[in-house]
Amino acid sequence: MSSYVLEGNTGTWEIVVGLEVHAQVVSQAKLFSGASAEYGGAPNAHVSFVDAGFPGMLPVINRECVAQAVRTGLGLQAQINLVSRFDRKNYFYADLPNGYQISQFAHPVVGTGIVEIELQDGTIKKIGITRLHLEQDAGKSMHDQHASKSVIDLNRAGVGLMEIVSEPDIRSPEEAGAYLRKIRQIVRYLGTCDGNMEEGSMRADVNVSVRKPGEAFRTRCEIKNVNSVRFVMHAVEAEAQRQIAVWESGGVVEQETRLYDPAKGETRSMRSKEDAHDYRYFPEPDLLPLVLEQEWVDSLKAALPELPDDKRRRFCEQYGITFYDAGVLTAEQTTADFYESVAKGRDAKLAANWISGDFFAALNRTGKTIETSPVSALALGQLLDLISDQTINGRIAKDVFEEMVETGASPSAIVEAKGLRQVTDTGAIDQAVTAVLAANQDKVAEYKSGKDKLFGFFVGQVMKAMAGKGNPALVNEAVKKQLG
Amino acid sequence: MSLDTATVRRIAKLARIRVDDAEVATLQTELNSILGYVEQLNEVNVDGVEPLTGGAQMAMRLREDVRTDGEIAEKILANAPDRVDHFFAVPKVVE
Amino acid sequence: MTIAEAGAALAAKKISAVELTAAHNAAIAVLNPRLNAYITATPELALTQAQAADARIAAGGAGALTGIPLAIKDLFCTAGSRTTAASNILRPFVPPYESTVTQQLLDAGAVFLGKANLDEFAMGSANITSAYGTVENPWKRNGSDAKLVPGGSSGGSAAAVAARLALGATGTDTGGSIRQPASFTGLAGIKPTYGRCSRYGIIAFSSSLDQAGPIARTVEDCAILLQAMAGFDAKDSTSAERAVPDFRAAVKGGVKGKKIGIPAEYRTDGMSPEILRLWEQGVAWLKAEGAEIREISLPHTKYGLPVYYIVAPAEASSNLARYDGVRFGARVDGEDLIDMYERTRAAGFGAEVKRRIMIGTYVLSAGYYDAYYLKAQKVRALILRDFQTAFADVDAILTPTAPSAAFGLGEKMGDPVTMYLNDVFTVPASLAGVPAMSVPAGLSAEGLPLGLQVIGKHFDEETVLSVSAALERAAGFSALPTIRAGVSA
Ligand SMILES: [Mg+2]
Ligand SMILES: [Zn+2]
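Criteria and thresholds
- Residues numbered from 1 in each chain as written.
- Chains lettered and ligands numbered in written order.
- Predicted model: local features only at pLDDT ≥ 70, side-chain atom pairs only at ≥ 80, totals over all residues.
- Heavy atoms only, no water.
- Core = buried A, V, L, I, M, F, W, Y, C linked by side-chain atoms within 4.5 Å.
- Buried < 20%, exposed > 50% of the residue type's maximum accessible area, 1.4 Å probe, protein only.
- Helix = DSSP H or I, 4+ residues; strand = E, 2+ residues; numbered from the N terminus.
- Pairing = 2+ DSSP bridges.
- Donors = N, O, S within 2.8 Å, 3.2 Å for Na, K, Ca; no water.
- Contact = heavy atoms within 4.5 Å.
- Buried area = accessible area lost by both parts, 1.4 Å probe.
- Salt bridge = Lys/Arg side-chain N within 4 Å of Asp/Glu carboxyl O.
- Polar contact = N/O pair within 3.5 Å; in protein donor to acceptor, adjacent residues only side chain to side chain.
- Nonpolar A, V, L, I, M, F, W, Y, C, P; charged D, E, K, R; others polar.

Engineer: Would you take a moment to explain the nonpolar core for this structure?
Structural biologist: The nonpolar side chains of a soluble globular protein tend to be buried with one another. Within the largest apolar cluster, 212 residues are counted, with the highest numbers of intra-cluster contacts made by Leu105(C), Phe121(C) and Leu398(C). The biggest single contributor to this core is helix H13 (residues 370-390) of chain C, with 10 residues. Listed in part, the 75 residues of the second largest apolar core include Leu76(A), Ile117(A), Ala176(A) and Ile186(A).

Engineer: Whenever I open this one, the pairing of strand S11 (residues 202-211) of chain A confuses me. Can you help?
Structural biologist: Remark: a regular strand shows side chains that alternate across the two faces of the sheet. Residue and element names in this part refer to chain A. Summarising burial for S11: 10 of the 10 residues are buried, a large majority. Residues Met202, Ala204, Val206, Val208 and Val210 line one face of S11 and the alternating positions Arg203, Asp205, Asn207, Ser209 and Arg211 line the opposite face, and both faces are buried. Two strands pair when backbone bridges link them, and strand S2 (residues 11-24) and S11 are joined in this way by 10 bridges, in the antiparallel orientation. Residue pairing across strands places histidine 22 opposite arginine 203, the latter belonging to S11. Alignment of S11 against strand S12 (residues 221-226), held across 4 bridges, turns out to be antiparallel. When the bridges of S12 are listed, asparagine 207 appears paired with glutamate 222.

Engineer: Explain the coordination of the zinc ion (ligand 2) here, please?
Structural biologist: Any two of four tetrahedral donors ideally make an angle of 109.5 degrees at the metal, while pairs among six octahedral donors ideally make 90 or 180 degrees. Coordination sphere of the zinc ion (ligand 2), protein contribution only: His22(A) (NE2), Glu135(A) (OE) and Glu163(A) (OE), at 2.0 to 2.1 Å. All donors to the zinc ion (ligand 2) come from one chain, and their sequence spacing reads H-x112-E-x27-E.

Engineer: In this structure, what is going on with the interface of chain B and chain A? I would like to understand it.
Structural biologist: Counting residues at the interface gives 38 residues for chain B and 56 residues for chain A. For the pair chain B and chain A, the summed buried surface comes to about 4,200 Å²; carbon and sulfur atoms form 58% of the total. Per-residue buried area on chain B facing chain A is highest for Met60(B), Arg63(B) and Arg67(B); these three make up 19% of the total on that side. Linking chain B to chain A there are 4 salt bridges. Between Glu64(B) and Arg63(A) there is a salt bridge; the shortest N-O distance is 2.9 Å. Across the chain B-chain A interface, the total number found is 26 residue pairs in polar contact (both at pLDDT 80 or more). Those elements that place two or more of their residues in the side of chain B that touches chain A are helix H1 (5-14), helix H3 (73-77) and strand S2 (87-91) of chain B. The element contributing the most residues to the side of chain B that touches chain A is S2(B), with 5 residues. Its residues assigned to classes, the side of chain B that touches chain A comprises 19 nonpolar, 5 polar and 14 charged. As defined by bridge partners, strand S9 (residues 149-153) of chain A adjoins S2(B) across 4 bridges and the pair is classed as antiparallel. Within the sheet, the bridge partner assigned to Ile152(A) lies in S2(B) and is Phe88(B).

As structure tokens, this is what we get:
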């Protein structure tokens, strides 16, 4: 594996990165209240008195949120803690109604695990998972809606979050991006988080430090709420460069919380939230210990869908496609399902080439997704059938496919309507060959005098004469025969 | 351990309670008398004792994932000292 | 008149709920200006509820509490009725929801006369920290008109019931807030097992200790009230999922053959002789009723108060963080958000509440958590273990309720700790979560009521009630407070 380093004036620097990913739990209701966990909604519509921290209101935990955390833990090959606890993290902020966030500090529901990431050069690297814990999301303060006031919407307050904490195993912006993409892929496969970073249902806190190769860890800084894979990669790079500059100018990097500014492409200190950071964690007395039955965990495990890595390996074995293609085809559950329904009972390699080739190209060109694709798995399958049963040749198939994308018509209909059936009638082929050779006496002479490469020219001319519909093999044969 | 005025101010800041100098002085005396009183816990040997975290010793019940609450914005905002439409309003926060 | 007697009279149509309520409304109008037992009286609401009760009685659907006028501690959220927790910070707060306990009382047909005064956020033992003024104890020392405190934090509830401004009242008990005021006002009061009554809708002081319970004139009345107040509630994760026994039947249980523990550690040096005498008297009464007396040991008793004064403030400092002037309650404007918080909380909270928030914040803060909070939780575990060990041998434990009779307004206010010592006998049961009751057992030399405390096993309120009832019968406590309805003060 090519190790990533940054060159400073004092030599090379290694970067050390750990991520805390906040993934919003997919559930009907909130973690501790019966209010809707749905994204959006009218201001303060998805809010109960519990979410708004009213006097005397009490939290009651949502079983499905716990199940989602356990499923995710299992997807991260992690330890599931049968006994865990909730703690209060105390701080004042306008969008934190209780003045504390209910989280899991000392005893998280999920312990250590592992995810595998794949790098550009094809190497696979294991990144350690430290823990996954459940906690409440906060509300939203908006500062631009009113001239003199900030306004608060608590719709998000109390929605379940899974905080997935990695070990400081990440050593490059590329690895950071690959890790975040992998976590996103896993939770989307499991259906435990929609991974929608635009809507903020997945955010990352990025811990960055730098060191000379072989050194112990130096002070790290936490970059809060980075909301895209690209920004995470940029933020890691920018923050690392900043810290190297600080160290090399004889300064000291101070542990602090920072923000990434995508516009400027740099990180800046968040002093505002920095003042008196003392969260005074203590066990949440309104809740009891979270005790899980091993049987329940087992039943969740049994019902787990096939995970991306397993699917990828299976695709290689079952369909004989390359590890790379399998990666492309399993990136999203929907892609994988599409591929399998096309490949079923057909030439699986051909199916792989068509989907990762012309099909994806068409989607990109038309800005469509698999869900909205004009060409269904069934239709694409029919097209492949027309190729393998010799109804059309590969050249014509591409035209038919484009027509399918345009009109959504079935391949056979297009072939019939446009008379694109492949010509396998040797009589017709011989005629065409005779005509082409007659029209090119001079070249035939050259060929006979040893200019072999003209063979291709004759085949091309015959195909052209047959509007591309000639069966390539038969045409070759006929040309060879008549040239004697 | 006994509190100095700086600590009293830091705690008041953490607790978001405004205190003037006179209050800091009284609080310092009162808090120190309380802390002095609880010092006696140091006599107790708690080696190997599991802390008692809550009032009840049982496992937690889990709620079913159904929407039973919310959609009461007007009630949620009815007691608000300041509001803008259906939002709570606070002095502008500059981040 | 007791709740049991009133219930019988209502059922026999000797009196109507409206008459009963009107009489109480009138007494409140006369005496509340002096006693200040109620922060908010709700006479019209009470009459409407009384009319409904009469209809229900006429229809034959009445229960033991139908038409019974009660005082509700102003810590229980009552839909549409202002709920203040005796704090300025909640002065304008009108809850849009009802606490589970009060809802169950309403379902039983009870009539709410108003919201009873208390120490601010239930933090106090004399009802002197209320932002709505102190409460006067209706009892007087022989030949003295000096104002005495009713105890706290449920001081308004106790004063209202003692002065006949209600037949019974709800209280909450975190470290003695039901038992100590009951003892100071010649009433019975029970703190049930933690988890027996739902905490939903009760403004939280210390979540791991708070429990609702009744204050009334007799043990039987307490049983009747507790019957309606208790029960599992899915809205409170700490509520116990178990059936509510027939408490009223338990009152008649008797103590024959019951083993009663007498903890040596409660015999503190400097305990007033009359308290000690009363305690020994109680032992003699139970023996006479056929109980078996056992000397027991609760070794960590003396550490109860220091543990309590770490755990309760720690939880309170977090529970009271929600009073920030943003979503409900009072607000004091400031230059920015933080300034607004600090001014709002400085103006909204009284001195004792600020003290406890400060202590609680400190003992949880970085570097001190282990030394204070964690240590306290470990000692709390030892206190629970003490009770579990003791209850392996005995069915109930008998102790005094408080180290003294009601004291004068202005006394014991030198420094906070002196006041805290009032709860020395009541706090251990709170920390262990076991049920405990105070029964009036006699008068001090000065003519003030004194209570005895009966502590039981987890969820064994029945034994607590039967032992308390036995003491009540033997004591035959019949003295009345100087200031009470009908007797012009
Ligand atoms: Mg974080
Ligand atoms: Zn978090």
